[in-house]
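# Chains, contacts and geometry: an overview
As a plain string of letters, each chain reads:
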Amino acid sequence: MILVTGATGNTGSALLRELRACGAGPLRGLTRDASRAMFPEGVEAVEGDFAEPESLKPALDGVRSLFLVSRLGPDAEIIEAARRAGVEHVVLVSSITVQTHPHLGPADENLAVEMLLKDSGLAWTILRPTQFASNALMWAASIRDHETVRAPYADTALPTIHPADIASVARVALTEPGHRGRTYALTGPDPVTARQQAQAIAAAIGRNVPFIEISRQEAHTQLAAVFGDEAADAVLDVTGGAVNDELLAVRDTVPQITGSPARTFRQWAAENAAHFR
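Residues numbered from 1 in each chain as written. Predicted model: local features only at pLDDT ≥ 70, side-chain atom pairs only at ≥ 80, totals over all residues. Heavy atoms only, no water.

## Quick look at the overall build of the protein chain
- When its secondary structure is counted, the protein chain shows 13 helices and nine strands.
- Computed over its C-alpha atoms, the radius of gyration of the protein chain comes to 19 Å, within 12% of the 19 Å expected for a compact globule of 277 residues.
- With the C-alpha coordinates aligned to their principal axes, the bounding extent of the protein chain is approximately 50 × 40 × 35 Å.
- Burial statistics for the protein chain: of 277 residues in total, 50% are counted as buried.
- When contacts within the protein chain are restricted to residue pairs at least 6 apart in sequence, long-range pairs at least 24 apart make up 73% of them.
- Just so you have it, the protein chain exposes about 12,700 Å², and 48% of that area is on carbon and sulfur atoms.
- Of the charged side chains in the protein chain, 24 are positive and 33 negative; the average position of the first set lies 5 Å away from that of the second. (Helix = DSSP H or I, 4+ residues; strand = E, 2+ residues; numbered from the N terminus. Rg over C-alpha atoms; globule rule 2.2 N^0.38 Å. Buried < 20%, exposed > 50% of the residue type's maximum accessible area, 1.4 Å probe, protein only. Contact = heavy atoms within 4.5 Å. Areas by Shrake-Rupley, 256 points an atom, 1.4 Å probe, with all protein chains shown as cover. Lys, Arg positive; Asp, Glu negative; His and termini not counted. Charge placed at Lys NZ, Arg CZ, Asp CG, Glu CD.)

## Notes on the packing of aromatic side chains
- Going through the model one piece at a time under the given rule, you end up with three aromatic pairs.
- Consider the rings of W139 and F211, whose centres lie 6.4 Å apart with planes at 75 degrees: the pair is edge-to-face. With a gap of 72 residues between them, W139 in the loop between β6 (123–129) and α6 (140–144) and F211 in strand β9 (residues 211–213) connect regions that are remote in the sequence. As far as the burial class goes, W139 and F211 line up, both buried. (Phe/Tyr/Trp six-rings, centres within 6.5 Å; stacked < 30°, edge-to-face > 60°.)

## What about the environment of Q222?
- With respect to the element layout, Q222 can be found in helix α9 (residues 216–227).
- When the C-alpha atoms of Q222 and A232 are compared, they prove to be 8.5 Å apart, with ten residues separating the residues in sequence.

## Quick notes on the sheet that holds strand β1 (residues 2–4)
- Taken together, seven strands build an open sheet; the order of strands is β3-β2-β1-β4-β5-β6-β8 and the sheet is parallel. One side of each edge strand has no neighbouring strand; the edge strands of this open sheet are β3 (43–47) and β8 (182–186). Neighbour to neighbour, the strand axes of the sheet diverge by 20 degrees on average, direction disregarded.
- As defined by bridge partners, strand β4 (residues 65–69) adjoins strand β5 (residues 89–93) across five bridges and the pair is classed as parallel. Opposite L68, over in β5, you have L92 as the bridge partner. (Pairing = 2+ DSSP bridges. Axes fitted to C-alpha atoms, helices over the stretch in contact; angles between N-to-C directions.)

## Things to note about helix α10 (residues 229–241)
- An ideal rise of 1.5 Å per residue puts 18 Å on 13 residues; α10 reaches only 15 Å between its terminal C-alpha atoms.
- Within α10, the full set of buried residues consists of A232, A234, L236, D237, V238 and G240.
- Elements that come into contact with the buried residues of α10 comprise α4 (97–100), α5 (105–118), α9 and α11 (245–248). (Expected span 1.5 Å × (residues − 1).)

## Notes on the packing of helix α1 (residues 10–21) against helix α7 (residues 163–175)
- Between α1 and α7, the least distance of the axes is 8 Å, while the angle of their chain directions is 50 degrees. On the basis of the axis angle, α1 is oblique to α7. By crossing handedness, the relation of α1 to α7 is classed as right-handed. Residues N10, T11, A14, L15, E18 and L19 of α1 form the contact with α7, whose own contacting residues are P163, A164, I166, A167, S168, A170, R171, L174 and T175.
- Considered class by class, the residues forming the contact of α1 with α7 number nine nonpolar, four polar and two charged. (Parallel < 35°, antiparallel > 145°, perpendicular 65-115°, else oblique. Left-handed = near helix turned anticlockwise from the far one by under 90°. Nonpolar A, V, L, I, M, F, W, Y, C, P; charged D, E, K, R; others polar.)

## Focus: the side chain of R251
- Turning to its location among the elements, R251 is positioned in the loop between α11 and α12 (253–258).
- Side-chain polar atoms of R251 contact the backbone oxygen of A249, separated by 3.3 Å.
- Apart from the residues lying within four places of it in its own chain, the contact partners of R251 are I96, Q99, A185, T187, G188 and E246. (Polar contact = N/O pair within 3.5 Å; in protein donor to acceptor, adjacent residues only side chain to side chain.)

Treat this as a map of the structure, not an account of what it does.
If you want it as structure tokens, here you go:
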């Protein structure tokens with residue numbers, strides 16, 4: 001039995017499809033509302049809330065492998081609940097900032113979750129993806145309304161990763177031998193700037209997408225209103241304000257593990273064009 005948490009999200013939903021397609025299973029997808037879950041045929045929808053680890057007990061019953069996204073609840077309690085339920089192997093989604101920006105608060109928090117898992121006695125595989133292509137969905141409302149996309153560090157190129165590639169690596173780690181006790185840094189195949197992302201979305205929807213670069217201060221004001229000052233600074237540092245060679249490096253981990261080329265941002269934009277129309 002494999003349990004996929006975050007099963008309605010960009011990565012979790014792709015992982016369920018891949019697991020189902022390769023014949024893995026039985027499969028469960030964790031959701032807050034099973035009645036609304038649109039899972040592939042044959043996937044059992046189970047309800048649970050990370051904020052209440054006790055609610056995860058039914059979902060964990062009989063589970064041997066767990067796909068877990070860090071920092072969605074009290075991780076120590078969630079990992080302990082998995083251990084008590086008899087889970088053998090956890091594939092954890094952390095962040096590449098653990099190695100590229102260890103001084104930042106969110107990176108330190110992700111590292112703490114990694115250490116909790118390593119100290120739990122469970123077998124583990126840790127995935128450290130870079131910036132998600134799906135982060136561009138924050139522009140969706142503006143683009144649908146024919147407004148200008150506004151972003152800082154317009155020409156800083158990062159090897160943005162398609163969430164489905166994270167799912168592909170997770171599928172291999174969950175179903176094939178040789179990946180326990182391994183930590184994988186994951187990136188897309190090419191560096192892509194925010195300006196180029198807007199251009200790729202424009203090509204996908206068949207019309208111009210106006211773009212303007214804004215200052216760090218303006219971007220900080222917008223982000224801090226939602227996430228707070230510290231998180232806003234962290235986001236801005238890793239999207240252009242404090243980039244380094246480690247963050248900018250393109251890694252071939254995805255094709256090495258999956259046997260398929262990493263998906264491009266342009267592919268992600270084409271697949272998700274409906275969000276921007």
